[in-house]
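Chain by chain, the residues run as shown.
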Amino acid sequence: MSRNILVTGGAGFIGSCFVVQQVEARNNVLVLDKLTYAGHLVNLEPCLHSSKFSFAPGDIGDAELVARCLKEFRPDAIVNFAAESHVDRSIHSAEDFVRTNVLGTEQLLRTTKDWWQGLEPEAKKKFRFLHISTDEVYGSLDKNSAPFTENSPYAPNSPYSASKASSDFFVRSYFKTYGLPTLISNCSNNYGPRQYPEKLIPLMVLNAVSNKPLPIYGTGLNIRDWIYVEDHCEALDLILSKGRMGESYNIGGECEKSNLEIVYFICEILDEVIPKSDGTSYSRQIKFVADRPGHDFRYAIDSTRVKKELGWTSRHCFPEALRKTVLWYLDNSEWTKQVMDEDYRKWLHQQYQDFDSSKSMEQKD
Ligand code: NAD
Ligand code: TYD
């Protein structure tokens, strides 16, 4: 039976992937999105003309708007992707992170709870609020520590992860206090098409082909656990339909790579598909730059719960999915043109102007 799903933040990277999958599955989707610098309707192009899709521009913190959407759309579920999502921006200023991730999420919960309390018993029982969170709430791991489980203590280190941790706690509190049927997912680093090119993988692809430096923070030995975005969204679908109320589910790609490894993989793909005319490797553009303050060393996820309880597995293998991702950015110059606007150029200038503190890398092509 088709479901009505309200997807907040559905015009961003992961949210748009989830929306496309849900519309393809014949569910009715209403996207509520503020369209910040990271949100673009072009991300939703595959479903913009579907009768299953509708869009409401606006803020999750706008109680009146959210209440109207709830009343008119009558969702069976809300999936909350809306957030400020970039660690480096949170280091420059945490204000928007507190406003959306903390205050916005709490307001969304409050408006939802007020509406949900008035539903018929059957609809009330069926309703779910799935909050999308991150493994970064657990802090940083050493090289040999066991991966994060759902029982790992929260120890956020960046303003971004602190704001996400806070939102997770509010979600938990609405389950414990009001019985709102909530679920939380904590996922590792996603990659795939339509990721805003402030994040590592699209930034490196697009800088490489524009002959710009590939800025590696610190030593480049920091490790992330990478998951293809479609695999993440498939796990979210299972959590939404079969997850236990009030629970958290960790989702990871079992694919730990250092940042340097990732950048070398990207350069290898580019060297093969669009070799440079002078025969040198794109990896020559690598520049080590000042480290990110409070840079978490390693994230790794233990996905046993989502696998065993809900039967999830990731379908994509890293080398092929990374190649597909790199090719997507090369083949979609219209998309990159649209999202790499004046605001983007300002961000690059603010974040990367200080290449004086960088040192070129000894190359070993
Ligand atoms: P994104 O930055 O690409 O998209 C965020 C979306 O939220 C944008 O469309 C933006 O316009 C919208 N938005 C922001 N503030 C809003 C507000 N106040 N009201 C309504 N809409 C608003 O982010 P993403 O990478 O797609 O991440 C989505 C969610 O997943 C976030 O909650 C993030 O914390 C979480 N997450 C991301 C990753 C990752 O690797 N990208 C990993 C784990 C978890
Ligand atoms: P990012 O994509 O910002 O995700 P997160 O910080 O949420 O993990 O960064 C991934 C890793 O890449 C992180 O260790 C920081 C590093 N990084 C760089 O070395 N250079 C860059 O220009 C960026 C954006 C990230």
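Everything numeric in this text was worked out from a predicted model, so none of it was measured. (Residues numbered from 1 in each chain as written. Chains lettered and ligands numbered in written order. Predicted model: local features only at pLDDT ≥ 70, side-chain atom pairs only at ≥ 80, totals over all residues. Heavy atoms only, no water.)

Q: Whenever I open this one, the sheet that holds strand E6 (residues 182-187) confuses me. Can you help?
A: Strand pairs in the sheet, formed through backbone hydrogen bonds, run parallel or antiparallel to each other. The strand order across the open sheet built from seven strands is E3-E2-E1-E4-E5-E6-E10, with neighbouring strands paired in parallel fashion. Each edge of the sheet is formed by a strand with only one pairing partner; in this case those strands are strand E3 (53-57) and strand E10 (248-251). This sheet shows a mean twist of 20 degrees between the axes of neighbouring strands, independent of strand direction. When strand E2 (residues 28-33) meets E3, the two strands line up parallel, connected through five bridges. (Pairing = 2+ DSSP bridges. Helix = DSSP H or I, 4+ residues; strand = E, 2+ residues; numbered from the N terminus. Axes fitted to C-alpha atoms, helices over the stretch in contact; angles between N-to-C directions.)

Q: Help me understand the site of ligand 2 in this model?
A: Near ligand 2, the surroundings consist of 19 residues, among which Glu136, Pro215, Arg292, His295 and Tyr352 are the closest. Within the backbone of Pro215, a nitrogen or oxygen atom sits 2.8 Å from a nitrogen atom of ligand 2. A distance of 2.7 Å is found between an oxygen atom of ligand 2 and a side-chain nitrogen or oxygen belonging to His295. In the complex, the protein chains occlude 97% of the 510 Å² of accessible area that ligand 2 would expose alone. Those elements that provide at least two residues to the shell around ligand 2 are helix H3 (87-92), helix H7 (200-209) and strand E8 (214-217). Along the lines of polarity and charge, the residues of the shell around ligand 2 split into nine nonpolar, four polar and six charged. (Near = heavy atom within 4 Å. Polar contact = N/O pair within 3.5 Å; in protein donor to acceptor, adjacent residues only side chain to side chain. Areas by Shrake-Rupley, 256 points an atom, 1.4 Å probe, with all protein chains shown as cover. Nonpolar A, V, L, I, M, F, W, Y, C, P; charged D, E, K, R; others polar.)

Q: What should I look at first to understand the site of ligand 1 in this one?
A: In the region of ligand 1, 28 residues are neighbours, and Ile14, Asp33, Ser85, Tyr160 and Lys164 sit closest. Between ligand 1 and the protein, one listed contact pairs an oxygen atom with a backbone N or O atom of Ile132 at 3.5 Å. Within the side chain of Lys164, a nitrogen or oxygen atom sits 2.6 Å from an oxygen atom of ligand 1. Contact with the protein chains removes 97% of the 830 Å² of surface that ligand 1 exposes when unbound. Elements that contribute at least two residues to the shell around ligand 1 include exactly helix H1 (13-24), strand E5 (128-134), helix H6 (159-178) and strand E7 (189-191). Among the elements that take part in the shell around ligand 1, E5 stands out by supplying three residues, more than any other. Tallied by class, the residues present in the shell around ligand 1 amount to twelve nonpolar, twelve polar and four charged.

Q: Hey, could you run me through helix H4 (residues 95-116) in this one?
A: Think of an α-helix as turning once every 3.6 residues; residues three or four places apart then point the same way. For H4, with 22 residues, the first-to-last C-alpha span of 30 Å sits near the 32 Å given by 1.5 Å per residue. The largest bend in H4 amounts to roughly 35 degrees and is located at Gly104. (Expected span 1.5 Å × (residues − 1). Bend = angle between axes of the 7 residues up to and from the residue.)

Q: Help me understand the side chain of Lys164 in this model?
A: Along the polypeptide, Lys164 turns up in helix H6. Despite its burial, Lys164 pairs with no opposite charge, the nearest such side chain being Asp168 at 5.7 Å. A distance of 2.9 Å separates a polar side-chain atom of Lys164 from the backbone oxygen of Ile132. Here Lys164 is in contact with Ala83, Asn101, His131, Ile132, Ser133, Thr134 and Val137, once residues within four sequence places are set aside. (Buried < 20%, exposed > 50% of the residue type's maximum accessible area, 1.4 Å probe, protein only. Lys, Arg positive; Asp, Glu negative; His and termini not counted. Salt bridge = Lys/Arg side-chain N within 4 Å of Asp/Glu carboxyl O. Contact = heavy atoms within 4.5 Å.)

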